[in-house]
Amino acid sequence: MGVKIFEWLDERLGLKEIYNTVLDRRVPKVNWWFTLGSASLFLCLMQGLTGIFLTMYYVPDPTKAYDSIEYIMNGVTFGWLIRGIHHWGASLLVILVFIHMLRTFFYGAYKYPREITWLTGVGLLLFTLGMGFTGYLLPWNQRAFWATTVGTEIAGAVPPRALGEFILKVLRGGVDLSAVTLARFFSAHIWILPAVFLALLGIHMYLIVKLGISSVPLDDE
Amino acid sequence: MAKTSSRLSRREFTAIVMGFLGSIMGAVIGLPLIGYIISPVIKAKKIDDWVSLGALENYPIGIPTLFSFTRTKVNGWEQTTNSYGVYILRESESSVKVFSNVCTHLSCRVNWVPETQTFNCPCHDAKFDINGNVVYGPPPRPMDRWGDEEINIDADGNLLIHFTEG
């Protein structure tokens, strides 16, 4: 029965072909450093999943943000686990993608024909940091508030002065760090940055499947 | 290794281990998520209170009279204050009926209309008579009424009802 259903679906969707192309690719003999991309992907999925569920209780408003997280941590069943994975996963993801980048760099895996994989990877790294930065404000505690004060001031230091101040105001949604800042950081954190991130990730993954992965360089290479 | 071997191939072994580990990881995330989603239902606060409706003698005989009260509870990160209404019908000096003003159809609030001597619901045009029986419209049952054991009159002549929710 199960086999018949699968074959019916496979004939129409090409499931085996997808499996063979995506997962049964031929890969060179590589080492453990080559697992960091998959690890990053897995953590991305976890961040997406736990993040989606955190929005079920989180409220991006200065009077309620902290209370809603307090409720997630102390009131909601396994809320501490879902937020804990999201919190620690964020830091771990930054570390992983960084080492992933270093491996690609030192093995020269960014070279022809994989330049675009590298470039989209750079974008993915920056967007990961962007999501880390915007997510940091959301608990709306002292650390979040002052980290964002400092972070937006750094962005505001862009010369010339008028441009820097304009960037600062755009990031904060005004001169002050306010409810408007929290709302736009939340929006950027869950909609804008992830949307662009997913587009880049799609290209990145497509290229990995299309081009295959590079092998470990030889000693004299 | 020959294909005819009954021993597990490296490929099969890997597939089984991956499936096993994947299932564990899925369960570690998936099962807590169920609790996470239904948590507000499990931890909902209950209300179990005797509510004073004031002196019984203040209620007119033969005319359903509305009494409103509020109760506050904590839902997640906010205090939720709900308003509740009951219709008190004093049939004689000593006998009293207390109705909930919640329509038994879909929980809109009914109003007593003296002209027609009915409780009318604004949502789907339901009508109940003075004793709470359905005279028109979609409600599946008469208006909810406090039973005798849920009504009390204290030493000072105050009318109390046993109010529960959740």
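Residues numbered from 1 in each chain as written. Chains lettered and ligands numbered in written order. Predicted model: local features only at pLDDT ≥ 70, side-chain atom pairs only at ≥ 80, totals over all residues.

Caption draft 1: Structural detail: the overall build of chain A. Looking only at helices and strands, one finds nine helices and zero strands in chain A. Sequence-ordered secondary structure for chain A, helices as α and strands as β, is α-α-α-α-α-α-α-α-α. Along the first, second and third principal axes, the C-alpha set of chain A runs to 55 × 55 × 30 Å. Intrachain contacts of chain A at a sequence separation of at least 6 include 70% that bridge at least 24 residues. (Helix = DSSP H or I, 4+ residues; strand = E, 2+ residues; numbered from the N terminus. Contact = placed C-beta atoms within 7 Å.)

Caption draft 2: Structural view of the overall build of chain B. The helix and strand tally for chain B stands at one helix and ten strands. Moving toward the C terminus, one meets the helices and strands of chain B in the order α-β-β-β-β-β-β-β-β-β-β. On C-alpha atoms alone, chain B measures out to a radius of gyration of 28 Å, which is more than a quarter above the 15 Å that the 2.2 N^0.38 rule sets for 166 residues. Taken along the three principal axes of its C-alpha coordinates, chain B extends 95 × 40 × 30 Å. Burial status across chain B gives 15% buried among its 166 residues. In chain B, of all internal contacts separated by at least 6 residues, the share reaching a separation of at least 24 is 43%. (Rg over C-alpha atoms; globule rule 2.2 N^0.38 Å. Buried ≥ 20, exposed ≤ 12 C-beta atoms within 10 Å, placed from the backbone.)

Caption draft 3: Representation of the interface of chain A and chain B in the model. Facing the 13 residues of chain A at the interface are nine residues of chain B. Within the residue set of the side of chain A that touches chain B, elements represented by two or more residues are α4 (65-74) and α5 (79-106) of chain A. Grouping the constituent residues of the side of chain A that touches chain B by class yields seven nonpolar, four polar and two charged. (Nonpolar A, V, L, I, M, F, W, Y, C, P; charged D, E, K, R; others polar.)

Caption draft 4: Representation of the domain arrangement of chain B. Partitioning chain B into domains gives domain 1 (1-43) and domain 2 (47-165). For domain 1 of chain B and domain 2 of chain B, the distance between their C-alpha centroids amounts to 54 Å. (Domains from an automatic or database assignment.)

Caption draft 5: Focus on the domain arrangement of chain A. In terms of domains, chain A is made up of domain 1 (1-30) and domain 2 (32-211). Computed from C-alpha atoms alone, the centre-to-centre distance between domain 1 of chain A and domain 2 of chain A is 33 Å.

Caption draft 6: Quick peek at the nonpolar core. A:Leu54, A:Tyr57, A:Tyr58, A:Ala65, A:Ile72, A:Leu138 and A:Leu182 are the most contacted members of the largest nonpolar core, which has 20 residues in total. Only α3 (36-54), α4, α5 and α9 (179-211) of chain A provide two or more residues apiece to this core. Residues contacting A:Tyr57, with those up to four places away along its chain left out, are A:Ser68, A:Tyr71, A:Ile72, A:Val76 and B:Gly76. In terms of nonpolar packing, the next biggest core, distinct from the first, is built from 17 residues, B:Val96, B:Val110, B:Phe119 and B:Met143 among them. (Core = buried A, V, L, I, M, F, W, Y, C linked by C-beta atoms within 7 Å.)

Caption draft 7: Region of the structure containing helix α1 (residues 2-13) of chain A. A rise of 1.5 Å per residue sets the reference length of α1(A), with its twelve residues, at 16 Å; its end C-alpha atoms lie 16 Å apart and thus fit the reference within 8%. Following α1(A) by one or two positions, A:Gly14 has its phi on the positive side, about 70 degrees. (Expected span 1.5 Å × (residues − 1).)

Caption draft 8: A look at the packing of helix α7 (residues 142-156) of chain A against helix α8 (residues 161-172) of chain A. Residues and elements named next belong to chain A. One way to put it is that α7 packs onto α8 with a least axis distance of 7 Å and a crossing angle of 145 degrees. Across the interface between the two elements, Thr152, Glu153, Ala155 and Gly156 of α7 pack against Gly164, Glu165, Ile167, Leu168, Leu171 and Arg172 of α8. Here the residues of the contact of α7 with α8 sort into four nonpolar, three polar and three charged. (Axes fitted to C-alpha atoms, helices over the stretch in contact; angles between N-to-C directions.)

Caption draft 9: Just the environment of A:Thr50, in detail. Residue and element names in this part refer to chain A. One can find Thr50 in helix α3. Distance in space between the C-alpha atoms of Thr50 and Arg83 is 7.1 Å, their sequence separation being 33 residues. With near-sequence residues (within four places) excluded, Thr50 lies in contact with Ile82, Ile85 and His86.

Caption draft 10: Spotlight on unusual backbone geometry. Following A:Tyr112, the chain continues to A:Pro113 via a peptide bond in cis, the omega torsion being 0 degrees. By secondary structure assignment, the location of A:Pro113 is in the loop between α5 and α6 (115-137). At B:Asp125, a position not held by glycine, the phi torsion is positive, near 65 degrees. With respect to the secondary-structure elements, B:Asp125 resides in the loop between β6 (118-120) and β7 (127-128).

Caption draft 11: Layout of the sheet that holds strand β10 (residues 158-165) of chain B. Residues and elements named next belong to chain B. Ordered in space as β1-β10-β9, the three strands form an open sheet in which the pairing is antiparallel. Looking at the sheet topology across the chains shown, the edges are occupied by β1 (47-55) and β9 (151-153). Direction aside, neighbouring strands of the sheet carry axes that sit 25 degrees apart on average. Note that β1 and β10 share seven bridges and pair antiparallel. Looking at the pairing, Asp48 lines up with Thr164 of β10. (Pairing = 2+ DSSP bridges.)

Caption draft 12: Representation of the packing of α6(A) against α7(A) in the model. Residue and element names in this part refer to chain A. At their nearest, the axes of α6 and α7 sit 7 Å apart, and the two run at 135 degrees to each other. With respect to α7, the axis of α6 lies oblique. Only Ala144, Ala147, Thr148 and Gly151 of α7 make contact with α6, whose side of the interface consists of Phe133, Tyr136 and Leu137. Considering only residue class, the contact of α6 with α7 consists of five nonpolar, two polar and no charged. (Parallel < 35°, antiparallel > 145°, perpendicular 65-115°, else oblique.)

Caption draft 13: Highlighting the environment of B:Asn101. Of note, B:Asn101 is situated in the loop between β4 (96-100) and β5 (111-113). Among all residues touching B:Asn101, those that are not within four sequence positions of it are B:Leu66, B:Gly85, B:Val86, B:Tyr87, B:Arg109 and B:Val110.

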